[in-house]
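A structural walkthrough
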Amino acid sequence: MPVPRPRITVSGVRTAFAASRTRLAAALVAVLALPGAATAAPAPPTAPPLSAEASDPKLLGWMQGAPPPEDKRIRYTDDDYFSFPKLRWTACHFRQLMPTVGVSRGAGAARALPRRLDDAIDALSFTPLGSSTRMTWAQSLPANYTDGIVVLHDGVVVYERYSGCLDEHGQHGAMSVTKSITGLLGEMLVAEGVIDETERVGAIIPELKDSAFGDATVKQVLEMTTALRYSEDYADPNAEVWQYSAAGSTLPPPAGYTGPRSYYDYLQTVQKQGRHGDAFGYKTINTDALGWIIARRTGQSVAQLLQSRIWQRLGAEQDAYYTVDSTGTPFAGGGFNAGLRDLARVGQLLLDDGKVGGQSVVPAAAIARIRAGGSTQAFAKAGYAQLPGWSYRGMWWISHNDHGAYMARGVHGQALYIDPTARVVIARFGSHPVAGNSANDPTTLPAFDAVARYLMTQP
């Protein structure tokens, strides 16, 4: 039975949420990809931010003490709970601030990751994009406010560092790397025939029949070439992102609010703008629509499916978790949190064509589809100047370089980079003061490529 479409007006949302807009923006930046956030030029700061060393959450004393002093406390209801420098603590502690659902690793032993650390990596140098001054790998870590980074070469840990809020036992928000996890689940189900990528979304989810998603195909959702009237421009008080943020909030709504109260409720209100399939448009709501498709076709949420099909077969060291909305729906577009080495294990799974210990976990065909990439022409229309020749497929970013590298990307510096030619996986968690990846891409992309090419020369 279709869920009734909720009544919503832009003016009602704007009035009801005017007083809390700053806090809602902070919450969204924590988990959403801003319009063009992967590469959009960051707004110039009013003053230089504290360095990585000076903004270390331990040094600043966030949430230390029993109880912490009032000026060192961080609450979800604070306007600035995910503003720099507080975000350098928050990125590792979402489950202490908001409702979550777990992804269990199961009762088995973790699959060991062999170690052969290569101290020479720190001294590797590269030239950042747009610069003539070389930088070393070691210098790039604080420059990008790296909380943790691990490099695998052929499944062996050759480099591992932690800083800020993270250590080897901690978990960190993956932000929009979550989208690629959801995309992997979607491509897996397509490869297995559970989902037909040519099917219309409205045929799978009747509740979305009259929305913009209704006549879009699953493939268009997976490649984010849907035509949606949806803006994540926080400077615009009428942008649809405010309605979306209100729907996903787990806090009590303001008096008089009559809009959607969950991610799925909101998706039903999205209207069409343009023609599906014409151009790539990076919009978080596509991933939540895919999460609903997955749940409807399998009877399991993305958290449950990830747990049963991948996490408990991955040999993970830690449980993972998702943030959820007020109905307990996992945030498929940005709510995943995990340990760093376990994120690297996901990368190794893709590098090994979906196998763990010789056993197939994800069909190799699903990995091949992701690696093949999407339409470079559709991608080019989105204007990602720092990613020329790239594409987007299965909610992964495909470089189409001579190594066939591809990656998952999230705001504030989250990354999972896979180089099939060099047999290298790089997993990184960060808390960069600027959300958009354009702030770290000039350093990140050549650094990752330099390490991969160096490791190719090693035994």
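Residues numbered from 1 in each chain as written. Predicted model: local features only at pLDDT ≥ 70, side-chain atom pairs only at ≥ 80, totals over all residues. Heavy atoms only, no water.

Moving on to the side chain of Thr-444. One can find Thr-444 in helix α16 (residues 441-456). Within polar-contact distance, the side chain of Thr-444 engages the side chain of Arg-428 at 2.8 Å. Ignoring any residue separated from it by four or fewer positions in sequence, one finds Thr-444 in contact with Asn-144 and Arg-428. (Helix = DSSP H or I, 4+ residues; strand = E, 2+ residues; numbered from the N terminus. Polar contact = N/O pair within 3.5 Å; in protein donor to acceptor, adjacent residues only side chain to side chain. Contact = heavy atoms within 4.5 Å.)

Another point: the pattern of salt bridges. Applying the stated criterion across every chain, the model contains 25 salt bridges. Here Glu-197 makes a salt bridge to Arg-369, at a shortest N to O gap of 2.6 Å. One end of the pair, Glu-197, is in the loop between α6 (177-191) and α7 (201-204); the other, Arg-369, is in helix α14 (residues 364-372), and 172 residues separate them in sequence. A relative accessible area of 17% places Glu-197 in the buried class. Close ionic contact of Arg-296 with Glu-207 constitutes a salt bridge, the shortest N to O distance being 3.0 Å. Taken together, the residues Arg-296 in helix α11 (residues 284-298) and Glu-207 in the loop between α7 and α8 (218-222) connect sequence positions 89 residues apart. Relative accessible area serves as the criterion here: at 36%, Arg-296 is assigned to the partly exposed category. (Salt bridge = Lys/Arg side-chain N within 4 Å of Asp/Glu carboxyl O. Buried < 20%, exposed > 50% of the residue type's maximum accessible area, 1.4 Å probe, protein only.)

The geometry of α6 relative to α11 is characterised by a closest axis approach of 10 Å and an angle of 40° between their N-to-C directions. In terms of orientation, α6 lies oblique with respect to α11. When you trace α6 past α11, the crossing you get is left-handed. The residues of α11 that touch α6, namely those facing Lys-179, Thr-182, Gly-183, Leu-185, Gly-186 and Leu-189, are Thr-284, Thr-287, Leu-290, Gly-291, Ile-294 and Thr-298. (Axes fitted to C-alpha atoms, helices over the stretch in contact; angles between N-to-C directions. Parallel < 35°, antiparallel > 145°, perpendicular 65-115°, else oblique. Left-handed = near helix turned anticlockwise from the far one by under 90°.)

Our focus in this paragraph is the state of the cysteines. By definition, a disulfide is the covalent link that joins the sulfur atoms of two cysteine residues. Inspection of the entire model under this criterion finds one disulfide. A sulfur-sulfur separation of 2.0 Å characterises the disulfide bridge that pairs Cys-92 with Cys-165. Across the disulfide from Cys-92 to Cys-165, rotation about the S-S bond amounts to roughly 60°, and the bridge is consequently right-handed. With Cys-92 in the loop between α4 (87-90) and β1 (100-103) and Cys-165 in the loop between β5 (156-162) and β6 (172-173), the pair connects residues that are 73 residues apart, well separated along the chain. A single burial state applies to Cys-92 and to Cys-165, both of which are buried. (Disulfide = S-S within 2.5 Å.)

Along the chain, Ser-180 turns up in helix α6. Residues Ser-180 and Gly-334, spaced 154 residues apart in sequence, show a C-alpha to C-alpha distance of 9.6 Å. What Ser-180 contacts, discounting residues up to four positions off in sequence, is Gly-394, Met-395, Trp-396 and Ala-408.

Let us look at empty space enclosed by the protein. This structure, assessed with the given rule, holds five cavities of 30 Å³ or more. Considered as a void within the structure, the second largest cavity measures approximately 60 Å³ in volume. For the second largest cavity, the full set of lining residues is Tyr-263, Tyr-264, Asp-288, Gly-291, Trp-292, Ser-301, Val-302, Thr-329, Pro-330 and Ala-332. Within the residue set of the lining of the second largest cavity, elements represented by two or more residues are α10 (263-267) and α11. Looking at the lining of the second largest cavity, the element that brings in the most residues is α11, giving three residues. (1 Å grid on protein atoms, 1.4 Å probe; cavity = no way out; pocket = protein on both sides within 12 Å on 5 of 7 lines; lining within 4 Å. Points joined across faces, edges and corners; volume = space filled by probe spheres on them.)

Moving on, we get to the sheet that holds strand β9 (residues 320-323). Read across the sheet, four strands follow the order β1-β9-β10-β6 without closing on themselves; strand pairing throughout is antiparallel. Whereas interior strands pair on both sides, the edge strands pair on one side only; in this sheet they are β1 and β6. With four bridges joining them, β1 and β9 adopt antiparallel strand pairing. Residue pairing in the sheet places Thr-100 in a bridge with Thr-323 of β9. (Pairing = 2+ DSSP bridges.)

Let us look at the nonpolar core. Counting residues in hydrophobic clusters, the biggest one holds 114 residues, and the most contacted among them are Trp-137, Phe-213, Trp-311, Trp-396 and Trp-397. The residues touching Trp-311, leaving out its near neighbours within four places in the chain, are Val-103, Ser-104, Arg-105, Leu-306, Ala-316, Gln-318, Asp-319, Ala-320, Phe-336, Ala-338, Asp-342 and Val-346. By size, the runner-up hydrophobic cluster in this structure holds 17 residues, among which are Leu-60, Tyr-76, Leu-97 and Leu-251. (Core = buried A, V, L, I, M, F, W, Y, C linked by side-chain atoms within 4.5 Å.)

With that settled, the discussion passes to unusual backbone geometry. Following Ala-66, the chain continues into Pro-67 via a peptide bond in cis, with omega recorded as 0°. Mapping Pro-67 onto the fold places it in the loop between α3 (57-60) and α4. A cis amide bond links Phe-84 with the next residue in sequence, Pro-85, at an omega value of 5°. Turning to its location among the elements, Pro-85 is positioned in the loop between α3 and α4. Positive phi outside glycine occurs at Met-175, with the angle close to 50°. Within the secondary structure layout, Met-175 lies in the loop between β6 and α6. Unusually for a residue other than glycine, Arg-423 sits at a positive phi of about 60°. Overall, the relative accessible area of 25% leaves Arg-423 in the partly exposed class.

These results come straight from atomic positions and should not be treated as a statement about function.
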